[in-house]
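# Breakdown of the fold
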Amino acid sequence: QFVKAQVDFGPRVPNSAAHSKCAEYLTAKLKEYKAEVIVQQAEAKAFDGKVLKMKNIIAQWQPAKQNRIMLCAHWDTRPFADQDKTDVNKPIDGANDGGSGVAVLLEIGRQLAASQPNIGVDIILFDAEDYGQPDGGMQKEQANSYCLGSQYWATNKHKQDYFPRFAILLDMVGAKNATFTMEGGSMHYAPTVVKKVWDTAAKLGYSTYFVYEQTNPVTDDHYYLNTLAEIPSIDIIHYDQTTKYHFPSVWHTHNDKLENIDPKTLKAVGQTLLETVYTSH
Ligand code: AHN
Ligand code: ZN
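Now for a quick tour of the structure. It should be emphasised that the depicted structure is a prediction, and the values quoted were computed from it without experimental measurement.

The rules behind the values
Residues numbered from 1 in each chain as written. Chains lettered and ligands numbered in written order. Predicted model: local features only at pLDDT ≥ 70, side-chain atom pairs only at ≥ 80, totals over all residues. Heavy atoms only, no water. Donors = N, O, S within 2.8 Å, 3.2 Å for Na, K, Ca; no water. Helix = DSSP H or I, 4+ residues; strand = E, 2+ residues; numbered from the N terminus. Buried < 20%, exposed > 50% of the residue type's maximum accessible area, 1.4 Å probe, protein only. Near = heavy atom within 4 Å. Polar contact = N/O pair within 3.5 Å; in protein donor to acceptor, adjacent residues only side chain to side chain. Areas by Shrake-Rupley, 256 points an atom, 1.4 Å probe, with all protein chains shown as cover. 1 Å grid on protein atoms, 1.4 Å probe; cavity = no way out; pocket = protein on both sides within 12 Å on 5 of 7 lines; lining within 4 Å. Sits in = over half its atoms within 2 Å of the grid points. Pairing = 2+ DSSP bridges. Axes fitted to C-alpha atoms, helices over the stretch in contact; angles between N-to-C directions. Contact = heavy atoms within 4.5 Å.

This paragraph deals with the coordination of the zinc ion (ligand 2). Looking at the zinc ion (ligand 2), one finds its protein donor set to be Asp97 (OD), Asp130 (OD), Asp130 (OD) and His252 (NE2), positioned 1.9 to 2.5 Å from the metal centre. Sequence spacing of the donor residues for the zinc ion (ligand 2), all on one chain, is D-x32-D-x121-H. Within this pair, whereas Asp130 is found in the loop between strand 4 (120–126) and helix 4 (148–155), its partner His252 is found in the loop between strand 8 (233–237) and helix 8 (263–278), the two being separated by 122 residues in sequence. For the pair Asp130 and His252, a shared accessibility class is recorded, and that class is buried.

Below you can see the structure in the form of structure tokens.
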């Protein structure tokens, strides 16, 4: 339902009406779930020169607690389908890429409203993650063109001296039979967090999803949290060994739509995260 609610707005491309409306929806939901919400607004220049109006949505539970953990995902969706064969210049639904991580975090917010863990929790929904430069174009390759919202936040935190114990990023956590490997960047910066999450998944019987195999680093929001914000951060991201870029087959195509989301995968990730939250001190 939480994926559908997002997809129903249309593609959440920065500067679009659907993007604005979805921001309102997400903010209202997180407030309904008793979080103290800050919407951090900023502008960033995209690789194509467009100025993107960004909103990072920050939801805090028990904000007075010093001892905290951070959970995050990106809520924007890609403005083109550069991995597709048709309609490459049309925006994608982003049910998985964007929608799935946000959906899991909304459900965690709903649970936090019902019972508070020992530790403070922040859910941060980053904007403008997926407006990155497509490869193979005629333009000179630009560094750091993805993850504009998290790069902004990492150097402009909502609170000074904000250092949660760790951060967990969700990215593409909704495909049927998804596998989440131990991503190299997460293993480099936060191996104990990876182990804690994978062991928690194993305890819950989710080892078919959470695989004990290390794979190459991915440049994602957690990279900037690790390097700029100095927060030990991991990425739970679908790894597909059969595709060229090792992302799921629907990645950056028009097949990234609601009918290709499997609630079983969302449940495995959500329950693993909830158990991690409620066993953190
Ligand atoms: C790159 O494609 C450079 N990084 C993957 C980050 C991403 C895009 N995750 C979802 N969409
Ligand atoms: Zn993407």
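Picking up where we left off.
Now for the site of ligand 1. Every residue close to ligand 1 is listed here: Asp97, Glu129, Asp130, Tyr146, Asp171, Met172, Thr219, Phe247, Trp251 and His252. With respect to ligand 1, the side chain of Asp171 contributes an N or O atom lying 2.7 Å from a nitrogen atom. Between ligand 1 and the protein, one listed contact pairs a nitrogen atom with a backbone N or O atom of Thr219 at 3.0 Å. Surface burial for ligand 1 is 86%, taken as the share of its 320 Å² of free accessible area covered by protein chains. Taking a 2 Å distance to the grid points as the criterion, the majority of the atoms of ligand 1 fall inside the largest pocket.

Another aspect to go through is the sheet that holds strand 5 (residues 167–171). The mixed open sheet is built from 6 strands, whose spatial order is 1-2-4-3-5-8. Strands at the two margins of the open sheet, each flanked by one partner only, are strand 1 (36–45) and strand 8. Averaged over all adjacent pairs, the angle separating strand axes in this sheet is 20°, with direction ignored. The sheet strands contacting helix 6 (residues 191–203) are strand 5 and strand 8, and the helix crosses strand 8 at an angle near 40°.

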